[in-house]
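# Fold and contact review
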Amino acid sequence: MRLGIIGLPNSGKTTLFNALTGGDYETSAVSSGQFEVNTSVVEVPDERLHVLEKMYTAKKRVHATITYSDFGGLDKGIGEGGLEGQFRNELQQVDGFVHVVRAFASDVVPHPYGDIDPQRDLDTLDGEFLLLDLLAVEKRLERIESEMRLKGKRADQNLVGEKPLMEKLKAQLDKEEPLRNLDFDNRERTMMRGFGFMTLKPVLIVINLGDERKPNDDDIKYSYKKAKHIGLQAALEAELSQFDPEDAEMFMEEYGIEELSASRVIALSYDLTAVQSFLTAGEKEVRAWTIPQGATAYEAAGAIHGDIQKGFIRAEVTPYDILAELGSEKEVKAAGKMRLESKDYVVQEGDVIVFRHSG
Ligand SMILES: Nc1nc2c(ncn2[C@@H]2O[C@H](COP(=O)(O)OP(=O)(O)O)[C@@H](O)[C@H]2O)c(=O)[nH]1
Ligand SMILES: [Mg+2]
């Protein structure tokens with residue numbers, strides 16, 4: 001899963017990227033205005049893996065991961081002016097966005113538009129993305145219409161079949177509403193797959209609160225267009241991510257910080273894209289695997305290895321909570337709490353699974 005960190009220049013994107021990834025990329029009070037992308041992979045914190053690691057005395061602990069890409073250079077005008085090919089491709093390929101909105105005031109870091117106005121900033125970039133989608137939809141509609149005009153009855157029916165969907169999208173975008181707020185059936189979702197519509201992607205809004213404000217976003221009253229949001233102090237979080245764990249803990253205790261907001265952002269962004277984790281555990285390793293919500297045991301097997309999927313016999317499933325409560329696989333079996341499931345079983349978050357397979 002890959003998420004794009006977006007926002008206006010000097011909102012704190014690279015700072016947040018550093019906070020999330022423990023990276024040390026250069027942040028700057030003067031924005032270069034260049035399109036550039038930094039990419040890094042982070043582990044999704046998961047307390048369950050630590051418990052399982054002890055339970056199985058496992059040699060290795062493998063977390064689910066998220067790839068974050070920090071997109072520098074987004075600003076007013078990208079909708080109309082168009083985006084460079086490679087940069088645009090990368091934006092279209094991400095599974096969702098983390099939209100950084102600046103709420104911090106600073107004399108040394110100029111805001112590109114002069115004053116601090118989070119709602120305006122949020123709407124500015126959203127507006128550009130709406131425009132990009134609208135242009136793409138209009139282009140497609142023109143293509144469909146010319147196909148119908150030129151070929152009449154011999155027109156490509158797959159292409160023509162997209163027309164009602166494209167009209168539905170256009171109506172939404174004309175209202176300046178993001179596509180993600182519409183409901184779609186599976187057929188429509190399949191049709192939209194190749195387009196990489198920006199406003200269809202799920203978004204998590206991160207309000208960069210700055211130094212003086214407590215990480216509490218209750219007092220910020222903008223409308224979020226149904227998007228999830230979280231407030232944090234990006235600069236502070238980035239600094240803490242560079243500390244040794246013990247030093248960070250001491251610092252947090254001193255300032256009464258219970259949990260790093262960066263961890264919250266990672267957890268929230270994992271939930272953003274309709275995925276879930278199932279777990280495998282043994283002496284060799286304990287591991288969290290990422291699959292779509294609603295995936296079957298057969299699909300879960302495929303996430304591990306094609307051979308396990310091909311030779312699928314059954315899945316032995318124990319919900320994590322039961323395993324943690326009873327303390328071992330043996331106890332679970334003795335209590336008759338291990339379930340045998342077939343290929344079409346719908347995997348639940350936190351299922352600990354052993355796949356029996358031939359070959
Ligand atoms: N005072 C303050 N400065 C910040 C904060 N977050 C980022 N900055 C500074 O703002 C400038 C721009 O940050 P950067 O992450 O490079 O923004 P980007 O252009 O969105 O990538 C840098 O000088 C940062 O140190 C913050 O929470 N408080
Ligand atoms: Mg940057």
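Everything below is about the structure printed above this text.
How each quantity is defined
Residues numbered from 1 in each chain as written. Chains lettered and ligands numbered in written order. Predicted model: local features only at pLDDT ≥ 70, side-chain atom pairs only at ≥ 80, totals over all residues. Heavy atoms only, no water. Core = buried A, V, L, I, M, F, W, Y, C linked by side-chain atoms within 4.5 Å. Buried < 20%, exposed > 50% of the residue type's maximum accessible area, 1.4 Å probe, protein only. Helix = DSSP H or I, 4+ residues; strand = E, 2+ residues; numbered from the N terminus. Contact = heavy atoms within 4.5 Å. Near = heavy atom within 4 Å. Polar contact = N/O pair within 3.5 Å; in protein donor to acceptor, adjacent residues only side chain to side chain. Areas by Shrake-Rupley, 256 points an atom, 1.4 Å probe, with all protein chains shown as cover. Nonpolar A, V, L, I, M, F, W, Y, C, P; charged D, E, K, R; others polar. Phe/Tyr/Trp six-rings, centres within 6.5 Å; stacked < 30°, edge-to-face > 60°. Salt bridge = Lys/Arg side-chain N within 4 Å of Asp/Glu carboxyl O.

### As for the nonpolar core
Within the largest apolar cluster, 37 residues are counted, with the highest numbers of intra-cluster contacts made by Ile-5, Leu-16, Leu-20, Leu-52, Ile-66, Tyr-68 and Val-206. Here this core gets six residues from one element, more than from any other, and that element is helix α11 (residues 261-272). Not counting residues within four places of it along the chain, the set of residues in contact with Val-206 comprises Leu-16, Val-98, His-99, Val-100, Val-101, Ile-230, Leu-232 and Val-265. If you look at the next biggest cluster of nonpolar residues, it comprises 23 residues, including Phe-71, Leu-83, Ala-103 and Leu-122.

### Side note on the site of ligand 1
In the vicinity of ligand 1 there are 18 residues, among which Asn-10, Gly-12, Lys-13, Thr-14 and Thr-15 approach most closely. Note that an oxygen atom of ligand 1 is positioned 2.8 Å from one of the backbone N or O atoms of Asn-10. The fraction of the free accessible surface of ligand 1 (570 Å²) that becomes covered by protein chains is 85%. Listed by contribution, the elements that provide at least two residues to the shell around ligand 1 are α1 (13-21) and α9 (234-240). When residues in the shell around ligand 1 are grouped by element, the largest group, three residues, is from α1. The class makeup of the residues in the shell around ligand 1 is seven nonpolar, nine polar and two charged.

### Looking at the packing of aromatic side chains
Scanning the model with the defined rule gives eleven aromatic pairs in all. The interplanar angle of 0° and the centroid separation of 5.1 Å between the aromatic rings of Phe-195 and Phe-197 together place this pair among those described as stacked. Phe-197 carries the same exposure label as Phe-195, and that label is buried. Geometrically, the ring pair formed by Phe-251 and Tyr-255 is stacked, given 4.6 Å between the ring centres and 25° between the ring planes.

### Notes on the pattern of salt bridges
Applying the stated criterion to the full structure yields 17 salt bridges. With its nearest N and O atoms 2.9 Å apart, the salt bridge here joins Arg-48 to Glu-349. Residue Arg-48 is located in helix α2 (residues 47-55), and its partner Glu-349 is located in the loop between β11 (339-341) and β12 (351-357); the two are separated by 301 residues in the primary sequence. Relative accessible area serves as the criterion here: at 18%, Arg-48 is assigned to the buried category. A salt bridge links Arg-61 to Glu-53, with the shortest nitrogen-to-oxygen separation between them at 3.0 Å. Arg-61 gets classed as partly exposed once you look at its relative accessible area, which sits at 30%.

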